[in-house]
Amino acid sequence: MTLQQGLAFGLIGITIVCFIWGRWRYDVIALGALLAGVIIGVIPAEEAFSGFSNDVTVIIACALVVSAAFARSGIVESILRPILPRLTSPSTQVPLFTAAVTILSMVTKNVGALAIMMPIALQVARRTNTSPSALLMPMAFGSLIGGTVTLVGTSPNILVSEVRQQILGQPFGMYDYAPVGLGITALGFVFLCFGYRLLPRARVAAETLDAAIDTAPYFTEVEVPEDWVLGKRAVRDLHAMGGGEVTVMALLRRGQRRSAPHPNTGLRPGDVLLLEGDHQALDDVIARAKLKMTRSDRPVAMEEPTEEVRVVEAVVGADSMLAGRSAQQEDLYGQHGVNLLAVSRSGYRSTRELNTVRLRSGDVVVLQGGERTLPGALKTLGLLPLAERAVRLGGIRHRILPAAILLTAMVLVAFRVAPVAIAFFGAAVAMVMIGAIRMREAYSALDGPVLVLIAALIPVSDAIRATGGADLLAGGLAEVFRGQAPLLALAAVMMAAMAATPFLNNAATVLIVAPIGAALARLLGLNPDPFLMAVALGAACDFLTPIGHQCNTLVMGPGGYRFGDYARLGAPLSLLVLVAGTLLIAQVWPLQG
């Protein structure tokens, strides 16, 4: 072993120890390792920032933006809505939600697919008194196995493709993973449909930030547009669209107010309705019924034409100018350039026009304004902004275009018209240009820590290959497996990736294990492709802990899971993937040659 190889191994070893210790953030550890690698000379200074311009980083970033825009379209909810009333027990809910998130993970980033489906699953669980712990972990595991089917489904596939390009000069294609991925997905899905019974049923979900700042129901004012295309509808139809979570408090027609209108009361163009409910349920009803907010279409004050329109929640403070006054009296729009969209007050149900409601200290208001105008308006009015969360009331939803853009990107990659990075970069830009996602939301969709982690670790892990350390380590393994069945070496590589990913993060696992696996294959006289596939599959299938993958972490709080719960369902599933995956890879990707 040379000095450079020793330094490279030492750097990787210390990095792994820091990851396992958990004293610092993953991204901070990766950046520290990058800096240390440059200082000790195992990473050339000119290559230090190559990871930030690498196609892998670009593809993952663009996939996150595209997934977020697709989630905001609401097309998945529209497709599933006719089926949801029939889901009355876990035996029907688990297969449907797991199938939905698994299929979505094949075309979008798996964490994005899970984020799309989780709110729907939690709503159904609440309606049917089903424990979320029966639903969420199977969905998380379904998103992981679904992500193994395509290049963009999960980060390990993208990273392994990059490793293959470095070693063999040609990356894996978009659908090269499909033959193995589809087989594993089918087997894993069948297991999850029955295996969810291994999970505890009485777990209590942890409170989320949104729940901690949750308020009383909002009331808002909407209008039935003159060009309404839904035909004859009644008050009861709006109640049904909101799943029983939205109430029509009053109807104003030609100057006449009807408080608590009868469910059979018909709706006509020009009617003004006062609705009450959770902000998400209100937004869903407004979008589905094609209603319009009475004031949201008024142009808000903007300092620059390039500003974006924002919607924020704020609390009326004790010294606020609005305390004891209405939006009409204060002339919010004329004097401050903002629109009042909704008001929430604990224990208060209003049947008055929103603009005439006298606000009180402690009320929560939803305001719409320009991103540069709003901070000044909030300060002037004495309003205290709540912790920032996604609030959308009456915003335009593009249902078809995001799906069409995503499909176009997939087709362009499938027929090799455009590289993956260019296709998904174009899709991300198109999503922003059509308004499916705003730039502020696109920036929020980017998982900064993960992107920094990957970009910093690319040159760090490459130090093992560049110094010959991967060949040295592979040589030792080759002595162990020489003369043994090639399947044993293949299974060992997959098992190593599976064992490492809960502690190293799947990106770090791929960047470290993939070059070693490829070198081992070369020394054994075998095809490196199945070994790279084994690394991708092993790193993607992290079912044992809540910390190795974002999908597992995402469901831990809402599902009320404990650390050991993951192994209950994850251990048998991991064994299934290890055995079936090894056999499938060897069948699809010949070991010899």
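About the thresholds
- Residues numbered from 1 in each chain as written.
- Predicted model: local features only at pLDDT ≥ 70, side-chain atom pairs only at ≥ 80, totals over all residues.
- Heavy atoms only, no water.
- Axes fitted to C-alpha atoms, helices over the stretch in contact; angles between N-to-C directions.
- Helix = DSSP H or I, 4+ residues; strand = E, 2+ residues; numbered from the N terminus.
- Parallel < 35°, antiparallel > 145°, perpendicular 65-115°, else oblique.
- Left-handed = near helix turned anticlockwise from the far one by under 90°.
- Contact = heavy atoms within 4.5 Å.
- Nonpolar A, V, L, I, M, F, W, Y, C, P; charged D, E, K, R; others polar.
- pLDDT = per-residue confidence, 0-100.
- 1 Å grid on protein atoms, 1.4 Å probe; cavity = no way out; pocket = protein on both sides within 12 Å on 5 of 7 lines; lining within 4 Å.
- Points joined across faces, edges and corners; volume = space filled by probe spheres on them.
- Buried < 20%, exposed > 50% of the residue type's maximum accessible area, 1.4 Å probe, protein only.
- Pairing = 2+ DSSP bridges.
- Salt bridge = Lys/Arg side-chain N within 4 Å of Asp/Glu carboxyl O.
- Core = buried A, V, L, I, M, F, W, Y, C linked by side-chain atoms within 4.5 Å.

Some remarks on the packing of helix 6 (residues 110-128) against helix 24 (residues 550-559)
Relative orientation of the contacting elements helix 6 and helix 24 amounts to 20°, with a least axis distance of 10 Å. Judged by the angle between their axes, helix 6 and helix 24 are roughly parallel. The chirality of how helix 6 crosses helix 24 is right-handed. In this structure, helix 6 contributes Asn110, Val111, Leu114, Ala115, Met118 and Leu122 to the contact, and helix 24 contributes Gln550, Cys551, Leu554, Val555 and Pro558. Taken together, the residues of the contact of helix 6 with helix 24 break down into 9 nonpolar, 2 polar and no charged.

A closer look at the confidence of the model for the chain
Looking at the chain, the pLDDT average stands at 84 and 92% of residues meet or exceed 70. Confidence scores differ between elements of the chain, with helix 10 (residues 209-212) showing the lowest mean pLDDT of 49 and helix 9 (residues 178-195) the highest of 95.

Some details on the layout of surface pockets
Of the voids in this model, the second largest pocket is the one considered here, and its volume is about 450 Å³. Around the second largest pocket sit 22 residues that line it, and Leu151, Pro171, Phe172, Pro419 and Val420 are the ones nearest its centre. Mapped by element, the contributors of at least two residues to the lining of the second largest pocket are helix 3 (55-73), helix 8 (155-168), helix 16 (401-414) and helix 17 (420-433). No other element matches helix 8, which puts 4 residues into the lining of the second largest pocket. Per-class residue counts for the lining of the second largest pocket are 14 nonpolar, 4 polar and 4 charged.

Focus: the pairing of strand 6 (residues 309-316)
Of all 8 residues that make up strand 6, 7 are buried, and the element is covered over most of its length. Across 7 bridges, the pairing between strand 6 and strand 8 (residues 364-370) is antiparallel. Directly across from Ala314, in strand 8, lies its bridge partner Val365. With 3 bridges joining them, strand 6 and strand 9 (residues 383-385) adopt antiparallel strand pairing.

Details of the pattern of salt bridges
Scanning the entire structure with this criterion turns up 7 salt bridges. Notably, a salt bridge pairs Glu245 with Arg126, separated by 3.4 Å at the nearest N-O pair. Residue Glu245 is located in the loop between helix 11 (235-241) and strand 2 (246-253), and its partner Arg126 is located in helix 6; the two are separated by 119 residues in the primary sequence.

Re the nonpolar core
One finds Phe97, Met117, Phe141, Phe424 and Phe531 to be the most contacted residues of the largest nonpolar core, which totals 132 residues. Among the elements that line this core, the one with the most residues is helix 22 (residues 506-523), at 12 residues. Once residues lying within four places of it in the same chain are set aside, the contact partners of Phe141 are Leu192, Phe543, Asn552, Tyr566, Leu569, Gly570 and Leu573. Val222, Trp228, Ala289 and Met293 belong to the second largest nonpolar core, which has 26 residues in total.

Some remarks on empty space enclosed by the protein
The final tally for this structure, using the stated rule, is 5 cavities of 30 Å³ or more. Taken as a whole, the largest cavity encloses approximately 110 Å³ of empty space. Val56, Leu159, Glu162, Val163, Gln166, Ile167, Ile458, Ser461, Asp462, Arg465, Leu511 and Pro515 are the residues that line the largest cavity. Of all the secondary structure elements, the ones that give two or more residues to the lining of the largest cavity are helix 8, helix 19 (448-466) and helix 22. Per element, the largest residue contribution to the lining of the largest cavity is 5 residues, and it comes from helix 8. Split by residue class, the lining of the largest cavity holds 7 nonpolar, 2 polar and 3 charged. Each pocket or cavity is described by its volume, and for the second largest cavity that value is around 60 Å³. Those elements that place two or more of their residues in the lining of the second largest cavity are helix 9 and helix 23 (528-540).

Regarding the pairing of strand 7 (residues 339-344)
Burial analysis of strand 7 places 6 of its 6 residues in the buried class, which makes it a mostly covered element. Strand direction decides the pairing type here: strand 1 (residues 218-223) and strand 7, joined by 3 bridges, are antiparallel. Each residue of the ladder has a partner; that of Phe219, found in strand 7, is Val343. With 5 bridges joining them, strand 7 and strand 8 adopt antiparallel strand pairing.

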